[in-house]
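These are the residues of each chain, in order.
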Amino acid sequence: MEKGRRSRPRMLTEAERVQLDEFTDLIHYSDRYSDKNYEYRHVMLPKAMLKQIPKDYFDPETGTLKILHEEEWRGLGITQSLGWQHYEIHAPEPHILLFKRPKNFGQ
C-alpha cells in the first residue's frame, strides 16, 4: 500500500458531497503525456475546493491530500475514463493531483 493511502476508501457523506458540487465545473484536466510504460495527466482542483475536502482526506504530517482510491477521487467530482490511478501529489502545489495508467490501457 502506498504511503499515505488508506487501506479502504472513505466515501463522502451526502453533506460533504453537496459542499464540493460547486467546484466540479472548475476542475482542470491537463492533456495526456506519456513515457514508454505509462500515460499521465494532472488534475488541478480549485484552491478553494481544498478547504471543503474533509480533513481526514489529508496527510497530517504533510498537510497534502493522501493518495486517493478511485472511489474517493471520483467522489470529489474528478471524472476520467477507466484505468487512471492517483499516484502522487505535487507538494509545492497541493491542489494538483497526478494520475497515471498503463499505456494502451483497454486496447
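A few points on the structure. Counting of residues starts from 1 at the beginning of each chain's written sequence and follows it residue by residue. For this predicted model, a pLDDT threshold of at least 70 governs which residues receive local features, and a threshold of 80 or more governs which side-chain atom pairs are given and counted, while totals over whole chains, interfaces and linings are taken from all residues. Excluded from the side-chain calculations are hydrogens and water; all other atoms, namely the structure's heavy atoms, are used.

To define a nonpolar core, start from buried Ala, Val, Leu, Ile, Met, Phe, Trp, Tyr and Cys residues and group those joined through side-chain atoms within 4.5 Å. Exposure is judged per residue with a 1.4 Å probe applied to protein chains only, and the accessible area is read against the type maximum: over 50% gives exposed, under 20% gives buried, and values in between give partly exposed. In this structure, Leu45, Ile53 and Leu65 are the most contacted members of the largest nonpolar core, which totals 20 residues. Elements with a minimum of two residues in this core: helix 2 (47-50) and strand 5 (96-102). What leucine 65 contacts, discounting residues up to four positions off in sequence, is Leu45, Leu50, Ile53, Tyr57, Phe58, Asp59, Ile89 and Leu97. Only runs of H or I of at least four residues qualify as helices and only runs of E of at least two qualify as strands under DSSP, and these elements are numbered from the N terminus. What makes two residues a contact is simply this: any of their non-hydrogen atoms within 4.5 Å.

Relative to the helices and strands, aspartate 56 is located in the loop between helix 2 and helix 3 (70-75). We classify aspartate 56 as partly exposed; its relative accessible area is 33%. C-alpha separation for the pair aspartate 56 and lysine 36, spaced 20 residues apart in sequence, amounts to 35 Å. In this structure aspartate 56 touches Arg6, Arg10 and Lys66, once residues within four positions along its chain are discounted.

Despite not being glycine, asparagine 104 has its phi angle at roughly 60 degrees, a positive value. One can find asparagine 104 in the segment after strand 5.

When a carboxyl oxygen of Asp or Glu is within 4 Å of a side-chain nitrogen of Lys or Arg, the pair counts as a salt bridge. Tallying each qualifying case throughout the model produces six salt bridges. Residue arginine 10 pairs with glutamate 16 through a salt bridge whose shortest N-O separation is 2.7 Å. Because the salt bridges share partners, they merge into one network encompassing Arg10, Glu16 and Asp56.

Note on ring pairs: Phe, Tyr and Trp rings are taken, using the six-membered ring of Trp, and paired if centres are within 6.5 Å. Classes follow the plane angle, with under 30 degrees stacked, over 60 edge-to-face and the rest tilted. Taken as a whole, this structure holds four aromatic pairs when the rule is applied. Ring centres of tyrosine 33 and tyrosine 40 lie 5.9 Å apart, and the angle between their planes is 20 degrees; on these two criteria the pair is classed as stacked. Owing to a relative accessible area of 38%, tyrosine 33 belongs among the partly exposed residues under this scheme. Their ring planes at 50 degrees and their centres at 6.1 Å tell us that tyrosine 38 and tyrosine 40 sit as a pair that is tilted. Looking at tyrosine 40, the relative accessible area reads 14%, which means it is buried. Clustering of aromatic rings is evident, with ring pairs tying together Tyr33, Tyr38, Tyr40 and Tyr87.

A few words on the side chain of histidine 95. Following the sequence through the fold, histidine 95 ends up in the loop between strand 4 (85-89) and strand 5. Histidine 95 sits in the buried class, given a relative accessible area of 10%.

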